[in-house]
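# Close look at the chain arrangement
So the chains spell out like this:
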Amino acid sequence: MNTPRRGITRREAALGLLAAAAAPAWAQEWTPNQPITILVGFAPGGSADQIARQLSFAAKNIIPVPVLVVNKVGAAGAIAAQAVADAKPDGYTLFVGGGSETTSVGNFKPLGYDPRKSFVPIIKVSRAPSILVVRADSKFTDMKALLAEARLGPEKVSYGSTGEGGIFHATGLVLEKQAGVKLLHVPYKGAADSMNAVLGGQVDSAFGAYEEMKPMIDAGRLRPLALFSRSRLPALPNVPTMNEVGVPVVLDNMKGLMGPAGMPPAVVRYLHDSFRKAMQTPEWRDYVAKSGLTEDYAQGPAFQKEVVEAYDLIGKAIAK
């Protein structure tokens, strides 16, 4: 036998209205009503820039406002990160993080933000295997040849990176420590600049993310020597990992979207869900297939855990 449902009393209705009025704004659903800006801390053409622009393009029919991409270059991504750390936590200012600006640069110099506490990771989209390349006609035919040259004396071999204190600079320092060599580091503003320096003969080699180097590798202009990841890439079956070379160095370059600390949960949820949908669009899937991007999705809390672990790992690795 069904028991009749009791009606809501006038007092209960009044209490319900009071509770709703007292509920914080973030408890409501959120939809943006002005453009969202994604800051990129590196030069146009690099991995972070490509990811931001492709996410913006893929989200055009999902997010009802424009998603703008602005390059704010310098300090291995720290200038863009600082701008976001200082921004109002309202969901309208984000950046591509998870790389140098949040995992390595803070181990080299004081920052105006805490890489582990000043941001809310929203969504991780990729993990790029770090790779060392030389010009196709370089005398270094493999990684062992480059290390043999480096052991002849300090700074006999040079390498370019995407900036002082960046993750690829950190990779070079870890390599020095593990291999017992001293390399000459030459910082650039972004991956495109460091690749051009290799092609122009200004540096012997360059560290970067595979998807950034892929077009030049595919064109036969750059030769990959080794991967600084746990396993080989299917796209580069003949390129060994550093573990196989005998010098264990593993440092991947994560990418994802982050916002300033203090963003309301409803805002974070909306942004995560929207960009997750963007990652499932034909536009994004086509980009992944053509670019060589190693997609690696994670929600905010898992992304945060990885960022903190990488930051601590690099700090220990380069400690004097």
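Attention here is on the structure that accompanies the text.

## Comments concerning unusual backbone geometry
Within the chain, alanine 75 stands out as a residue other than glycine whose phi angle is a positive 55°. Inspection of the secondary structure assignment puts alanine 75 in the loop between strand E2 (67–71) and helix H3 (78–85). One non-glycine residue, alanine 76, lies in the positive phi region at around 55°. Position of alanine 76 among the secondary structure elements: in the loop between E2 and H3. Taking the relative accessible area as the measure of exposure, alanine 76 reaches 4% and is therefore buried.

## Regarding the packing of helix H2 (residues 47–58) against helix H11 (residues 282–291)
Angle between the axes and distance between the axes: these two values describe a pair of packed helices. At a closest axis distance of 8 Å, the pairing of H2 and H11 adopts a crossing angle of 155°. As far as their axial angle goes, H11 and H2 are roughly antiparallel. Between H2 and H11 lies a crossing whose hand is right-handed. Contacts between H2 and H11 involve Gln50, Ile51, Gln54, Leu55, Phe57 and Ala58 on the former and, on the latter, Glu283, Trp284 and Tyr287. Per-class residue counts for the contact of H2 with H11 are six nonpolar, two polar and one charged.

## What about H11?
Those residues of H11 lying buried are Trp284, Tyr287, Val288 and Ser291. Relative to the axis of H11, the buried residues are bounded by an arc of 100° and lie together on one face. What points out from H11, more than 90 degrees from its buried face, is the exposed set Pro282, Ala289 and Lys290. Tucked into the core, H11 has its buried residues touching H2, strand E4 (119–135), helix H8 (210–218), helix H10 (265–278) and strand E10 (295–299). At the C-terminal side of H11, glycine 292 shows a positive phi close to 85°.

About the cut-offs
- Residues numbered from 1 in each chain as written.
- Predicted model: local features only at pLDDT ≥ 70, side-chain atom pairs only at ≥ 80, totals over all residues.
- Heavy atoms only, no water.
- Helix = DSSP H or I, 4+ residues; strand = E, 2+ residues; numbered from the N terminus.
- Buried < 20%, exposed > 50% of the residue type's maximum accessible area, 1.4 Å probe, protein only.
- Axes fitted to C-alpha atoms, helices over the stretch in contact; angles between N-to-C directions.
- Parallel < 35°, antiparallel > 145°, perpendicular 65-115°, else oblique.
- Left-handed = near helix turned anticlockwise from the far one by under 90°.
- Contact = heavy atoms within 4.5 Å.
- Nonpolar A, V, L, I, M, F, W, Y, C, P; charged D, E, K, R; others polar.
- Arc of directions from axis to C-beta.

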